[in-house]
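Listed below are the residues making up each chain.
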Amino acid sequence: MSNVKYVRSALISVYHKDGLESIALALHEENVKIYSTGGTQKFIEALGISVIGIEEITSYPSILGGRVKTLHPKVFGGILNRQDHQGDANELLAYDIPQIDLVIVDLYPFEETVTSGASEQDIIEKIDIGGISLIRAAAKNFKDTFTVSCMDQYDEFLDLYRQGGGALSLYDRKRFAVKAFNISSHYDTAIFDYFNNDEIVFKTSETTSKVLRYGENPHQKGYFFGNLDAMFDQLHGKELSYNNLLDIDAAVNLVNEFTGESPTFAILKHNNACGFAQRDSIYQAYVDALSSDPVSAFGGILITNSKIDPSTAKEIHKLFCEVVIAPSYDEEALHILRGKKNRIILVQKTVMLPKQIVRTALNGFLVQDKDSRTDQLIDLVYSTNKKPSGHELEDLLFASKICKHTKSNTIVLVKNKQLCASGTGQTSRVDALKQAIEKANGFGFNLLGAVMASDAFFPFPDCVEIACNAGIRSVIQPGGSIKDQLSIDFCNDHNLSMVMTGTRHFKH
């Protein structure tokens, strides 16, 4: 077996013809024998290149409306034969099977057809059978056969072919075989995911990837799998890091809760909001969000649901921040924000986000539905004698949204639709509350009249007691403790209002 193989014959059967002309002409220049069928054959023949139809090899026409064209021993024998195996060579000769050195396939666009909203029958017809079989056969026999498995590989193949003067190395044959198995496995996963409603299995496949500078720390490798370009337009700044992406994910999920509402601004650090405010203007929303915790804001992620104007951009420019995210920017605002070369500026697009969360755990994976439930006015159970005022109800629901997206155990304190402080990731709810009160006091907030949100129930009345002593007058929590009545009794005795949602929002 020679390391280098010259291409003497090729089978070409592709859906997308873009870029195929250059390959067909290059093969023709080297007198490569070309086999093809259907629309691909017509395309190549229109270039003035002679093509041998598959039907001439198999003595069978394309049948069943094109469902069966290449599925034949004379085709697959030509691809799968081992050229250094005398028995294979003898069988090719005995059964008049032509040698096929190169297979070029571009599969039916199954995923695109599903995305288009086509009927189930149209989707089924876009499940490629012959093409996927050709890819797998050629990839299996990479020692003797070269496979090009999608149109995205056309240019790279052509460069290799020309550089080698029509010859291809074993290294490249094996490398393209790996690409082919990646294509075929992804294709099968997409088909399974479309049909599966009942099987509880974990399958995922993402062919678009990005190598990151490093992972969570410099000594760790990091990668992102997915299409970031579908999510954002990056207008300025350095490449996104692993930690940037984690923070951006948290930021997007949080601010999506406020889509279509008044100008809202959030500042996040280590996946938690350290600043948050909603106001009549984007400028005031940013200024008040920053005042929540101007210390933690340093090096943070800034995100808003509104267009950033020049006055807001001038204020943002005073702060060192890693990333700014908005649906749009004024041109002058962009000019200001570009004043720091490494600052990442993103335009967020409207994209459907995954409905499940996946993470590794032990020697496997944990998969759960995303927490898509947002506490609404209709969900509230008024547990105390005193009912929250209309203004307090707005603050309670506002605080609940932030709380849902903060690491547990958490307590969130809000006043006038501004985050006063939060206690995040604490091992006890009491500690989370004390942390929040200390931070709020440290930044000069008057908590008299503020509201408190908790991601889970209070097992004892200690939290409402501490909150009451700090000036908080209304509470929102899931409820569900066997000792709920203790907290209710304390609120009734001290003229606090409390509502229960019935929904816990742990976030780990």
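What counts as what
Every chain's residues receive numbers from 1 upward, in the order its sequence appears when written. Given that this is a predicted model, residues contribute local features only at a pLDDT of at least 70 and side-chain atom pairs are listed and counted only at 80 or more, while totals for whole chains, interfaces and linings are drawn from all residues. Side-chain metrics in this entry use all non-hydrogen atoms of the structure; hydrogen atoms and water are not considered. Secondary structure elements are taken from DSSP: a helix is a run of H or I of four residues or more, a strand is a run of E of two residues or more, and numbering for both begins at the N terminus. The size measure is the radius of gyration over C-alpha atoms, and the globule rule it meets is 2.2 Å times the number of residues to the 0.38 power. Partly exposed describes any residue whose relative accessible area lies between the buried limit of under 20% and the exposed limit of over 50%, with all areas from a 1.4 Å probe on protein chains only and scaled to the type maximum. To measure how exposed things are, a 1.4 Å probe is used in the Shrake-Rupley method; for residues, cover is taken only from the protein chains shown. Patches draw on residues past 30% relative accessible area with no salt bridge. Two like charges within 9 Å are joined, as are two nonpolar side chains (Val, Leu, Ile, Met, Phe, Trp, Tyr) within 5 Å. Between Lys or Arg on one side and Asp or Glu on the other, a salt bridge is scored when a side-chain nitrogen of the former is within 4 Å of a carboxyl oxygen of the latter. Each pair of strands is called paired provided DSSP finds at least two bridges between the two strands. Helix axes are fitted to C-alpha atoms over the stretch in contact, other axes to C-alpha atoms as well, and angles between N-to-C directions run from 0 to 180 degrees.

Undergrad: What exactly am I supposed to notice about the overall build of the chain here?
TA: Counting secondary structure elements, the chain contains 19 helices and 23 strands. Taken over C-alpha atoms, the radius of gyration comes to 31 Å for the chain, far larger than the 23 Å a tight globule of 508 residues would show. Across its three principal directions, the C-alpha atoms of the chain cover 100 × 50 × 40 Å. The buried share among the 508 residues of the chain stands at 48%. When the accessible surface of the chain is totalled, it reaches about 25200 Å², and 50% of it is carbon and sulfur.

Undergrad: Looking at this structure, how should I read a nonpolar patch on the surface?
TA: A cluster of nonpolar side chains, namely Phe202, Val358, Phe365 and Val367, defines an oily patch on the protein surface of about 340 Å² accessible area. Secondary-structure assignment places Val358 in strand E16 (residues 356–361).

Undergrad: Is there a simple way to think about unusual backbone geometry in this case?
TA: Peptide bonds are trans in most cases, and residues, glycine excluded, mostly fall at negative phi. Cis geometry is adopted by the peptide bond preceding Asn409, which originates at Ser408 and carries an omega value of -15 degrees. On the secondary structure map, Asn409 appears in the loop between helix H16 (390–404) and strand E19 (411–414). Backbone geometry places His270, a non-glycine residue, at a positive phi of 50 degrees. Turning to its location among the elements, His270 is positioned in the loop between strand E11 (264–269) and strand E12 (272–278).

Undergrad: So what exactly am I meant to see when it comes to the sheet that holds strand E15 (residues 344–348) here?
TA: Across a sheet, paired strands are connected by hydrogen bonds in the backbone, their directions being either parallel or antiparallel. A sheet is described by the order of its strands in space; here 6 strands give the open sequence E10-E15-E14-E13-E11-E12, paired in mixed fashion. Two strands lie at the open edges of the sheet, namely strand E10 (232–236) and E12, each paired on one side alone. Sheet twist, expressed as the average angle between the axes of neighbouring strands with direction ignored, equals 20 degrees. Bridge analysis of strand E14 (residues 321–326) against E15 gives 4 bridges, and the strand direction is parallel. Along E15, the bridge assignment pairs Ala326 with Val347.

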